[in-house]
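Residues per chain are reported as follows:
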Amino acid sequence: MVLFLQVAQAVKNLETSTYWIHESAFAKRLGVTDAELEGWVKCVREGGSGAKFKNTFQPNPEPYNVKIDLADLSADNSLNLHYQEIRCNATPKVDGEVSLYSFARYYFVGTSKSCQSTSLKTQFGKMSHRIVSLKNSKKSFRAFTILQ
């Protein structure tokens, strides 16, 4: 299990982004799994973990013991981290496999002003995907891509 402060320190040590980073690539940069990153972001968003009504709530360590909205691109936060969750026609995966028509989270390390000036839509327009082969099975539909 990854400690909250370890991930927070890893985020603080990252250089300012010049582009939006897919959640899988961002998790890899931090040295955590996608699931651990998602759990950490939830703790950041809630200001801690557990349930207040069950008396199991544990606040995050200071200065992260307040709710931090990483999705608010108009305001800076103590982590200098922002994200956008968008619906993608093709969401790249680390192993080259793609999910069609799914939601993906993209992260940006920097101020709110710098993340607003870096358009995610423009970045997608520059990306070019070519479908190499398709596998169609009863359980799933997969497309494998190569970036041109």
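Please refer to the structure placed before this passage.
Residues numbered from 1 in each chain as written. Predicted model: local features only at pLDDT ≥ 70, side-chain atom pairs only at ≥ 80, totals over all residues. Heavy atoms only, no water.

## Quick notes on the packing of aromatic side chains
At step 1: Scanning the model with the defined rule gives five aromatic pairs in all.
At step 2: Ring geometry for Trp20 versus Phe108: centroids 5.2 Å apart, planes at 50 degrees, classification tilted. You can see Trp20 sitting in the loop between helix H1 (4–13) and strand E1 (21–22) and its partner Phe108 sitting in strand E5 (residues 97–109), a full 88 residues away along the chain. This pair shows no difference in class: Trp20 is buried, exactly as Phe108 is.
At step 3: An aromatic cluster is present here, built from Phe4, Trp40 and Tyr64 joined pairwise through their rings. (Phe/Tyr/Trp six-rings, centres within 6.5 Å; stacked < 30°, edge-to-face > 60°. Helix = DSSP H or I, 4+ residues; strand = E, 2+ residues; numbered from the N terminus. Buried < 20%, exposed > 50% of the residue type's maximum accessible area, 1.4 Å probe, protein only.)

## Some thoughts on the packing of H1 against helix H3 (residues 34–46)
At step 1: Between H1 and H3, the least distance of the axes is 11 Å, while the angle of their chain directions is 90 degrees. Between H1 and H3, the interaxial angle falls into the category roughly perpendicular. On H3, the residues touching Phe4, Val7, Ala8 and Val11 of H1 are Trp40, Cys43 and Val44.
At step 2: The class makeup of the residues in the contact of H1 with H3 is seven nonpolar, no polar and no charged. (Axes fitted to C-alpha atoms, helices over the stretch in contact; angles between N-to-C directions. Parallel < 35°, antiparallel > 145°, perpendicular 65-115°, else oblique. Contact = heavy atoms within 4.5 Å. Nonpolar A, V, L, I, M, F, W, Y, C, P; charged D, E, K, R; others polar.)

## What to know about the nonpolar core
At step 1: Of all hydrophobic cores here, the largest spans 23 residues; its most connected members are Phe26, Leu30, Leu37, Trp40, Leu70, Leu79 and Leu81.
At step 2: Secondary structure elements with two or more residues in this core: H1, helix H2 (23–30), H3, strand E4 (81–92) and E5.
At step 3: In contact with Leu79, other than residues within four places in its own chain, are Ala8, Val11, Lys12, Trp40, Val44, Tyr64, Ile68 and Leu70.
At step 4: In this structure, Trp20, Ala104, Phe108 and Cys115 belong to the second largest nonpolar core, which totals five residues. (Core = buried A, V, L, I, M, F, W, Y, C linked by side-chain atoms within 4.5 Å.)

## Some remarks on the side chain of Asn60
At step 1: Within the secondary structure, Asn60 is located in the loop between strand E3 (58–59) and E4.
At step 2: A distance of 2.9 Å separates the side chain of Asn60 from the backbone oxygen of Cys43, its partner in a polar contact.
At step 3: Here the side chain of Asn60 touches Tyr64 through a polar contact of 3.2 Å, landing on its backbone oxygen.
At step 4: Dropping the residues within four chain positions of it, Asn60 is found in contact with Phe4, Cys43, Val44, Gly47, Gly48 and Asn65. (Polar contact = N/O pair within 3.5 Å; in protein donor to acceptor, adjacent residues only side chain to side chain.)

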